[in-house]
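As a plain string of letters, each chain reads:
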Amino acid sequence: MIGIFDSGLGGLTAVEELRKAMPEADFVYFGDTARIPYGTRTVETIRAYALQDCRFLMSQGVTSILIACGTVSTNALDVIRSTFPVPVVGVVEGAAKKAAEIASKGKGRVLVLGTPATVKSGAFEKELRKNGCDGVMSIACPMFVPLAENGYTTVKHIAAVEIAREYLAPAVDFCPDAVILGCTHYPLLSEVISHFLPDSVLVSSGAEAVAELKKSLTSRGALCGGGKGKYYVSDGLEGFAESARRFLQTPVTDVTAIDINSY
Ligand code: DGL
């Protein structure tokens, strides 16, 4: 069983990909809705929250962990990998590889969009350089998270368009070949981001992580199950069920509230 977690519903962009790529996989999803956002917190707090989230997933018997959160992947992957005895996949490596590949066929330019903690970590830049890409611009877009959580996600939403205009202004002249959506909430705003960067390919970090996890599970012969998903949140059970239903376009009934502070 796969354990997936995020600070809120952004990780559902990875769940959506997971259900397409591995429909047979059973999974447990945890959204830390009581403590969102993670992306504006200190590294110490992000690491402490991430360890609690993983302890909860381990208590559910998961045999691999997908960190469906850019903030945690860029700030706590090492401590999660060294603490838990299961394979752990974050969202950095796959997305950087894909974006570098796209850039190598173009002008060699990649734009990284992420939370302040993700941008501050420099983790995507480091991974892009490893993949031979030096033309990197990074922009922190913290207000994209509440926009996504509240469903302000299309070009019809003036607030979303105006916030994106301000955040993305420096990137318009940079004209990137690829844009890494380094926060798993951001694919929800794809329409708005593409409105300002119509010639750039958007790379969903969650989707690339799912592809990486699939490879790892397949190579170990560990891809099995009945396609069951269970959802847990630390607050706001009904709001999450409604948002998840809207987002995944299928009823999400199996949602349970837990006290994450007890893990
Ligand atoms: N979805 C999370 C990420 O990928 C972060 C949102 C937040 O909690 O700030 O970074």
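Keep in mind the model is a prediction, meaning the values are calculated, not measured.

A. Looking closely at the packing of aromatic side chains. One pass over the full model with this rule turns up 10 aromatic pairs. Ring centres of Tyr 29 and Phe 240 lie 6.0 Å apart, and the angle between their planes is 25 degrees; this geometry places the pair in the stacked category. Placement of the pair is Tyr 29 in strand 2 (residues 27–31) and Phe 240 in helix 11 (residues 237–248), with a sequence separation of 211 residues. The class for Phe 240 is buried, based on a relative accessible area of 3%. Relative to Tyr 232, the ring of Phe 56 lies with its centre 5.0 Å away and its plane at 70 degrees, an arrangement referred to as edge-to-face. Here Tyr 232 lies in strand 9 (residues 229–233) and Phe 56 lies in helix 2 (residues 43–59), a separation of 176 residues in the sequence. Relative accessible area serves as the criterion here: at 1%, Phe 56 is assigned to the buried category. Residue class for Tyr 232 comes out buried when judged on its relative accessible area of 7%. Lying over the aromatic face of Tyr 49, Arg 35 brings its terminal NZ or CZ to 3.8 Å of the ring centre.

B. How the structure looks around the environment of Thr 153. Of note, Thr 153 is situated in the loop between helix 7 (144–149) and helix 8 (158–174). Spatially, the C-alpha atoms of Thr 153 and Leu 188 are 6.1 Å apart, while their sequence positions differ by 35 residues. In contact with Thr 153, not counting residues within four places along its chain, are Leu 147, Ala 148, Leu 188, Leu 189, Glu 191 and Val 192.

C. Layout of the sheet that holds strand 5 (residues 109–114). Spatial ordering of the open sheet is given by 6-5-7-8, a layout of 4 strands whose pairing is parallel. The open sheet has two edge strands, strand 6 (135–140) and strand 8 (201–204), and neither has a second partner. Averaged over all pairs of adjacent strands, the angle between their axes in this sheet comes to 20 degrees, without regard to strand direction. Relative to strand 6, helix 8 is tilted by about 165 degrees, and along the sheet it contacts strand 5 and strand 6. In this fold helix 10 (residues 205–219) packs onto strand 7 (178–181) and strand 8, with an angle of close to 55 degrees to the strand it touches most, strand 8.

D. Fine view of the sheet that holds strand 1 (residues 2–6). With respect to topology, 6 strands assemble into an open sheet ordered 4-3-1-2-9-10, the strand pairing being parallel. If you trace the sheet from one side to the other, it starts and ends with strand 4 (88–89) and strand 10 (255–257), each paired once. Pairing between strand 1 and strand 3 (residues 64–67): 4 bridges, direction parallel. Note on strand 3: the bridge partner recorded for Gly 3 is Ile 65. The sheet strands contacting helix 1 (residues 12–21) are strand 1, strand 2, strand 3 and strand 9, and the helix crosses strand 2 at an angle near 165 degrees. Running at roughly 150 degrees to strand 1, helix 2 makes contact with strand 1, strand 2, strand 3 and strand 9 of the sheet.

E. View of the site of the ligand. Close to the ligand lie 14 residues; Ser 7, Tyr 38, Gly 70, Thr 71 and His 185 are nearest. Within the side chain of Thr 71, one N or O atom sits 2.6 Å away from an oxygen atom of the ligand. One of the backbone N or O atoms of Thr 184 is found 2.9 Å from an oxygen atom in the ligand. Contact with the protein chains removes 99% of the 300 Å² of surface that the ligand exposes when unbound.

F. Representation of unusual backbone geometry within the structure. Of the consecutive residues Ile 36 and Pro 37, the connecting peptide bond is found in the cis state with omega at 5 degrees. Its place among the elements puts Pro 37 in the loop between strand 2 and helix 2. Positive phi, close to 50 degrees, is recorded for Cys 175, a residue that is not glycine.

G. Structural detail: the nonpolar core. Counting residues in hydrophobic clusters, the biggest one holds 67 residues, and the most contacted among them are Leu 12, Leu 113 and Tyr 231. Broken down by element, this core gets its largest block of residues, 7 residues, from helix 4 (residues 92–104). Other than its neighbours up to four places away in sequence, Tyr 231 contacts Leu 12, Val 15, Phe 27, Tyr 29, Phe 240, Leu 248, Val 252, Asp 254, Val 255 and Thr 256. With 27 residues, the next largest nonpolar core counts Val 62, Val 72, Ala 76 and Val 79 among its residues.

Criteria and cut-off values
- Residues numbered from 1 in each chain as written.
- Predicted model: local features only at pLDDT ≥ 70, side-chain atom pairs only at ≥ 80, totals over all residues.
- Heavy atoms only, no water.
- Phe/Tyr/Trp six-rings, centres within 6.5 Å; stacked < 30°, edge-to-face > 60°.
- Helix = DSSP H or I, 4+ residues; strand = E, 2+ residues; numbered from the N terminus.
- Buried < 20%, exposed > 50% of the residue type's maximum accessible area, 1.4 Å probe, protein only.
- Lys NZ or Arg CZ within 6 Å of the ring centre and 35° of its normal.
- Contact = heavy atoms within 4.5 Å.
- Pairing = 2+ DSSP bridges.
- Axes fitted to C-alpha atoms, helices over the stretch in contact; angles between N-to-C directions.
- Near = heavy atom within 4 Å.
- Polar contact = N/O pair within 3.5 Å; in protein donor to acceptor, adjacent residues only side chain to side chain.
- Areas by Shrake-Rupley, 256 points an atom, 1.4 Å probe, with all protein chains shown as cover.
- Core = buried A, V, L, I, M, F, W, Y, C linked by side-chain atoms within 4.5 Å.

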